[in-house]
Amino acid sequence: APAIRLEDYQPPVYRIEKVHLTVKLDPAETEVVATLSVARQADVQAGTPLVLDGDELSLRELKLNGEVLPDDGYTVSPDKLEIHAPPSKPFDLKITTQINPEANTKLMGLYRSSGTYCTQCEAEGFRRITYFLDRPDVLAIYTTRVEAPKNDCPVLLANGNLMEKGDIDGTDRHYALWHDPHPKPAYLFALVAGNLAQVPDRFTTASDKKVDLNIYVEHGNEGLCSWAMDSLKRSMKWDEDVFGREYDLDVFNIVAVSDFNMGAMENKGLNIFNDKYVLADPETATDQDYANIEAVIAHEYFHNWTGNRITCRDWFQLCLKEGLTVFRDQEFTSDMRSRPVKRITDVRLLKTHQFPEDAGPLAHPVRPRVYHEINNFYTATVYEKGAEVVRMLKTVLGDEGFHKGLDLYFDRHDGEATTIEAFLTCFEDTTGTDLSQFALWYEQAGTPVVSVASAYDADRQTYSLSLSQEIPPVPGQRSSKPAVIPLRFGLLGPDGKDMHATSASGIKISGDVLLMEKSRHEITFSGISSQPVMSLLRAFSAPVRIDQKFATADLQFLAARDNDPFNRWQAVQSLAMQELVRLTGTLRHGKLGAPADGVVSVFGAVLNDQNLDPALKALALTLPSEADIAQEIGKNVDPDAILAARKQLRQAIARQFHGALRAAALEFAPRGDYSPDAETAGKRALSNRAAYYYAVSNTEDAAQFTWDRFSSADNMTDRLAGLMLLVHDHMPGETAALDLYLSRHEKSSLAMDKWFMVQATAPGDGTLATIKSLFSHPLYDATNPNRVRALLQSFATGNATQFARPDGAGFELVAESVLEIDKRNPQVASRLLTSFRSWRALDANRCALAESALMKISSCEDLSRDSRDIIDRTLQ
Ligand code: B3K
Ligand code: ZN
């Protein structure tokens, strides 16, 4: 596939102003009649050919201004329709294509999920429905007529407002006519038809407009939508209150489907969701699921302004809508729940997903400059780092400047397809700030490392700080320019309070933010009356790594006293990380070191801190993940040693504090009816975190205690936590627990995904055989993306020791699966393939084994474009 480059961008030569679609649904032979109102751009020569995109299409009829086009007037293939010499005046093009939804296993374009017709058009799925200028800078007004048998498909939906609905005389079919008055790119087109249950509600906007809200689900799931609906209403209200954004149609529809390549899709007025981000009740959904549903519902809703009303000029600008919308959904969750908890959760996600991406062969800038397959760029870098960049913009400009700039953006670009440059210009225009250096965050890949050294001079009462920044080389980027790095900080005095310098030199400071703009800064704070402890990067004010040598005592001090909750958490993590890296090293030399008392006791102090919010406490008591430790070690990684080191520290904490842990597990277990609210969920998290340690405490009742918690759980959060312990720690009752869970949940596919996931992520030699036998389990379905991800993606990304087995069998299994899935669903396959991205960091033996598995994939000649792109970059 050819490389698509940002620098080659050309505006479209024709506009498509209106689209009238008639979709006559049929499982294998759906007919699509598209009438496009086309106009030549003013600066384009008359007669310039019109070249429309297609993908696996077959043309049935073609008319121009009502006349059948002669054969020599056009050329057509499944992926292209070219009109050689279109009229110079605006014209109508009527294109009839036939498609086969039933055979569409890629789940792009129009397909069927459990009998329901649905569409997915982002990024380039519309061209699988009809020939079109399938690019985000072609904005049209759509009218859609959906036709289907009344019995099979009582529900007929498309974007916009419903204009008309009726029977088609003399047939068993009916139709619905939808009109969307807002011009939109084709990737936001959607239609749905099926036999679905409707859960209605209503929202009144700030300007008193009534909006009908509906969630459509499979019959029987009506009772599982109330959390999603509640989340939607809160999102709508919040976007009015915080960003001044109102909804703009008479109806907002959400449809939940069970076969979906990703989380959800923000189609105008008709969001389509993976049902895991809609359906919830205490019996089948965890607290985490509830939080995810709230966040994804909000995210898709917020796209209505950031993405739909203002969209992207081209796919290189993807972060324009995604980074900004993730930032908005993060803020929403922070307001709905606990800001520090949300911040820590997001940073953990960033560090486990985005940092490794940015440090490996798949690294790319937040705004890439080149791609071969755009679907491979819906990445943690575009989404999560993209959100961090927006967050930094807010930190650099201040709340007021940020909101003024954003208001201008909404005003100036409403109805347009635009760019990152245009976005940044709005902030420059409102605040007078030059953002040209800041813009490098969109251009440069890799995670900057900020190195810190400090010295205190008691005589002069000065504290000096040397800061330097550097981005380690990443593919295609050997050197880099200094970025603008806002570092939120505090200088802690011995009493734990922030000290205030009488003056500071060497850097721009605004409030509690140091603004790095150069590669080096020598900073001096004066009037510092005693040796301070530096708390840097508070609230994780920039997506960087900090390289700072800390004395254990200073980290202990920060862990206990920092008034920034994020950095308190970070201090505990840093202490644990130092120790885990040390223990891993010892284990690799065949020795068994004991965890240091000083580190273990910090966990005891956290556990016994009466003033710490339970949710924060649960997070502080969570050890860095195996993936985090691997990343910290960086090269020659041995996952077995990491697993063993982590287990050692966990056991040491468990053995030393078993009494307090048991007490906390009991004390914080919420009583009474289940509620998913953040506070109650925080208590449950702490209770389960304590139980996680207690399970390996060597006390007599640890096994029984764990079993009882599992078997008596009255909600999924506790049941799943219990099941994980029994299965991952191979405790007595492991098999019985899996059987009990299976018989209880076999009817709920979302609950069963968790059952597959728990087994796939169990450490231990037996897991590979388990996975292979699960392939033939009656409930395994290789065509359902959620199920495939539950078994294989979770194995490849969440079971480091078995994926990277020293005999290579884990890599083999994933490689074979990629090849098999790729034939059916390239997007699911290529996503699974990205789990190899850190292969070069492994030890020599594992590295060689990973390479041969990758070579095997690469040698396959008919790989999809998606997987070819990932494999080529992974091996480069
Ligand atoms: N915009 C969609 C993602 C589409 C992915 C296409 N491969 C969901 C979202 O980010 O809201
Ligand atoms: Zn999004």
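This structure is a prediction, so every number in the text was calculated from the model and none was measured.

1. A short note on the UniProt feature "domain: Peptidase M1 alanyl aminopeptidase Ig-like fold" (unreviewed entry) in the protein chain
Okay, so step 1: Following the UniProt record, the feature "domain: Peptidase M1 alanyl aminopeptidase Ig-like fold" (unreviewed entry) maps to residues 446–548 here.
Okay, so step 2: Between the end C-alpha atoms of residues 446–548 the distance is 19 Å, and the span holds 0% helix and 50% strand.

2. Side note on the site of ligand 1
Okay, so step 1: In the neighbourhood of ligand 1, the contacting residues comprise E122, A123, M262, A264, M265, E266, H299, E300, H303, E322, N375 and Y378.
Okay, so step 2: Elements with a contribution of two residues or more to the shell around ligand 1: β20 (264–265) and α2 (287–302).
Okay, so step 3: Broken down by class, the residue content of the shell around ligand 1 amounts to 5 nonpolar, 3 polar and 4 charged.

3. Quick look at the pairing of strand β25 (residues 449–457)
Okay, so step 1: Bridge count for β25 against strand β26 (residues 462–470) is 9 bridges, and the pairing is antiparallel. When the sheet's bridge partners are listed, V450 is paired in β26 with Q469.
Okay, so step 2: As consecutive antiparallel partners, β25 and β26 are separated by 4 residues, and within that stretch Q461 has a phi angle of approximately 55 degrees, a positive value.
Okay, so step 3: Sheet topology note: the β25/strand β33 (residues 545–548) ladder contains 4 bridges and is parallel. Across the sheet, residue V449 finds its bridge partner in β33, namely R545.

4. A look at helix α19 (residues 749–760)
Okay, so step 1: Taking 1.5 Å as the rise per residue, α19 with 12 residues should run 16 Å; its terminal C-alpha atoms sit 16 Å apart, in good agreement.
Okay, so step 2: Elements in contact with the buried residues of α19: α17 (716–728), α18 (734–745), α20 (767–774) and α21 (785–798).

5. Remarks on the sheet that holds strand β18 (residues 210–218)
Okay, so step 1: If you trace the 5 strands from one edge of the open sheet to the other, you get β17-β18-β19-β21-β20, paired in mixed fashion. Single-partner strands in this sheet number two, and they are β17 (196–204) and β20.
Okay, so step 2: The pairing of β18 with strand β19 (residues 251–257) spans 5 bridges and is parallel. Bridge assignment links D212 to a residue of β19, and that residue is V251.

6. A short note on unusual backbone geometry
Okay, so step 1: Residue A123 is bonded to the preceding E122 through a cis peptide linkage, with omega at 0 degrees.
Okay, so step 2: Its identity as a non-glycine residue notwithstanding, A539 has a phi of 55 degrees, on the positive side.
Okay, so step 3: Its place among the elements puts A539 in the loop between β32 (533–536) and β33.
Okay, so step 4: Residue A539 is classed as partly exposed on the basis of its 19 C-beta neighbours within 10 Å.
Okay, so step 5: The backbone of N636 shows a phi angle near 55 degrees, a positive value even though the residue is not glycine.
Okay, so step 6: Note on placement: N636 falls in the loop between α12 (626–633) and α13 (639–656).
Okay, so step 7: Residue N636 is classed as exposed on the basis of its C-beta count, with 12 C-beta atoms lying within 10 Å.

Scoring rules and cut-offs
Residues numbered from 1 in each chain as written. Chains lettered and ligands numbered in written order. Predicted model: local features only at pLDDT ≥ 70, side-chain atom pairs only at ≥ 80, totals over all residues. UniProt positions renumbered as here; feature names shortened; annotations may be inferred. Helix = DSSP H or I, 4+ residues; strand = E, 2+ residues; numbered from the N terminus. Near = placed C-beta within 6 Å. Nonpolar A, V, L, I, M, F, W, Y, C, P; charged D, E, K, R; others polar. Pairing = 2+ DSSP bridges. Expected span 1.5 Å × (residues − 1). Contact = placed C-beta atoms within 7 Å. Buried ≥ 20, exposed ≤ 12 C-beta atoms within 10 Å, placed from the backbone.

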